[in-house]
Protein chains: 2
Amino acid sequence: MISINIVGSGNVGTQFAKAFSLSGKVRLQQLYSRRADGFSECAADVLHDLSGLRPADVTVLSVSDDAVAEVASALPFSGSLVVHMSGSLPMDILDGKNRRGVFYPLQTLSKSKPVDFSDIPLCLEAENEADLKLLRQLASLLSESVHEVDSRQRKALHVAAVFAGNFTNHMYRNAQRICEDNRLDFALLKPLIRETADKVMTLSPSDAQTGPARRNDQKTIAAHLDFLGHSPRAQVYELLTQSIRNDQL
Amino acid sequence: MISINIVGSGNVGTQFAKAFSLSGKVRLQQLYSRRADGFSECAADVLHDLSGLRPADVTVLSVSDDAVAEVASALPFSGSLVVHMSGSLPMDILDGKNRRGVFYPLQTLSKSKPVDFSDIPLCLEAENEADLKLLRQLASLLSESVHEVDSRQRKALHVAAVFAGNFTNHMYRNAQRICEDNRLDFALLKPLIRETADKVMTLSPSDAQTGPARRNDQKTIAAHLDFLGHSPRAQVYELLTQSIRNDQL
């Protein structure tokens, strides 16, 4: 049985603690939370002082990007495997006194919505083959989508995820605003949103592209820009239309 | 039984001809196609000369936006109900010699992928209550999502659909490019794409927004912009980050 520590009781830490616990194949050795009520739902030893942490097979840091380096240095042990869960940080931000690795889940996790881990890509990195093997074993307990991704690739993936997730949601937000301003129910757009996402499960996004920009339908583009007037949305419309045009050159 | 003509054998016209035919409650009176092989799969009277078209309860123009006015004027009858299917054109672009209406399906239809019409919003407009009632009857044969939407609202909806559909797909495309450039499989992002769309089925997009821009995480934003360098994608990243920031002010 693999023993793990989880440091940080935020959204990601809490979800992973539950998932590892449910797998029945991991021993949650110790959990660390700054907050008094962190990990309250987990049946494990919860610490509020880092100095009480003992080495485990893997110590997982699920703290904010800004805190990773500091927490890694503050660990009261050395020579053990310590991983962070950040998409944007390199592996070597971790203090070299421990063996280093990364365990990055590529998904948007919210506290309110339960997560099915089985298809969440887990992106792994480690300094040596034995540690990578251990991380692969651990990841496979949760997900069928386990990948070895180096620091440079992980950074690329994180940027790509901002486009595919955060910016996509912002497009929905813009659409919602336009609906609100015109007494239209945002729900009208939900089938389109679902179908647009569904399409790229089988088609390449470049083949799935439709719309006035794709067709270079200048008349409709001009009418839309006229409709948007001087709103900041007009600027977004213009740049993305240009970007779609450039993409085809 | 409602009798209809369909003018135009493009993607939308073909899909609707099939769907109406399958409903068993519509008589496809005449279909018009410029192309010799248009509507080849439909068991109906297919014309290649508009002058042979006879009035039906509803004549549906599923031609390109640029052709709507011209085709409406070229119809060899008057006093009958004629509707267009465009999101961006006003109702009164149709020749006033016939009664006018709009039958706008808010969805992205592709020829290759079969369509489930039952949840596609159909947005209707007509000049009088009796015609609106007839269009409602017709639309209800295909979909459970039937809405009365005036010309101004329909224009808004079309712009909103560009954001929620076309621009969203372009975000996927950008993510795909970043993956390609870094030897990463685009499939890694598919769970995120699905979850991002799923989230707004129940959450408002403003509540669902996450990411460095939302958190105002300047360090990560700077690192991402540095990663993107001078690519056109950097410009898109910068504007959308700013746009997400502004949205919270």
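The preceding data block contains the structure.
Here we summarise the structure given alongside this text. Since this is a predicted model, take the numbers as computed values, not measurements.

## Looking at the relation of the copies chain B and chain A
Superposing chain B onto chain A requires a rotation of 180° together with a translation of 0.0 Å along the rotation axis, leaving an RMSD of 0.1 Å. Considering both components of the superposition, the chain copies are consistent with a two-fold axis. It is B:T168 whose C-alpha, among those of chain B, lies nearest the rotation axis, at 2.6 Å. The share of interface residues of chain B whose copies in chain A are also at the interface is 100%, consistent with both copies meeting through the same surface.

## Comments concerning the pairing of strand β2 (residues 26-32) of chain A
All names here are of chain A. Across the 7 residues of β2, 6 count as buried, placing the element largely inside the fold. When strand β1 (residues 2-7) meets β2, the two strands line up parallel, connected through 6 bridges. Each bridged residue has a counterpart across the sheet, and for I2 the counterpart in β2 is V26. Taken together, β1, helix α1 (residues 11-23) and β2 form a β-α-β motif whose crossover is right-handed. Note: β2 against strand β3 (residues 45-47), 3 bridges, orientation parallel. In the sheet register, L31 faces β3, and the bridge partner there is V46.

## Details of the sheet that holds β3(A)
All names here are of chain A. Sheet architecture is open: 8 strands sit in the order β3-β2-β1-β4-β5-β6-β7-β8, paired in mixed fashion. Among the strands making up the open sheet, the edge pair consists of β3 and β8 (146-148). Strand-to-strand twist across the sheet, computed as the mean angle between neighbouring axes with direction ignored, equals 25°. Sheet topology note: the strand β5 (residues 81-84)/strand β6 (residues 99-105) ladder contains 4 bridges and is parallel. Bridging across to β6, L81 finds its partner in R99. Those strands touched by helix α3 (residues 129-140) are β1, β2, β4 (58-61), β5, β6, β7 (122-126) and β8, and its axis lies near 160° from that of β7.

What counts, and at which threshold
Residues numbered from 1 in each chain as written. Chains lettered and ligands numbered in written order. Predicted model: local features only at pLDDT ≥ 70, side-chain atom pairs only at ≥ 80, totals over all residues. Heavy atoms only, no water. Least-squares fit on C-alpha atoms with pLDDT ≥ 70 in both. Contact = heavy atoms within 4.5 Å. Buried < 20%, exposed > 50% of the residue type's maximum accessible area, 1.4 Å probe, protein only. Helix = DSSP H or I, 4+ residues; strand = E, 2+ residues; numbered from the N terminus. Pairing = 2+ DSSP bridges. Right-handed = clockwise from strand over helix to strand, strands pointing away. Axes fitted to C-alpha atoms, helices over the stretch in contact; angles between N-to-C directions.

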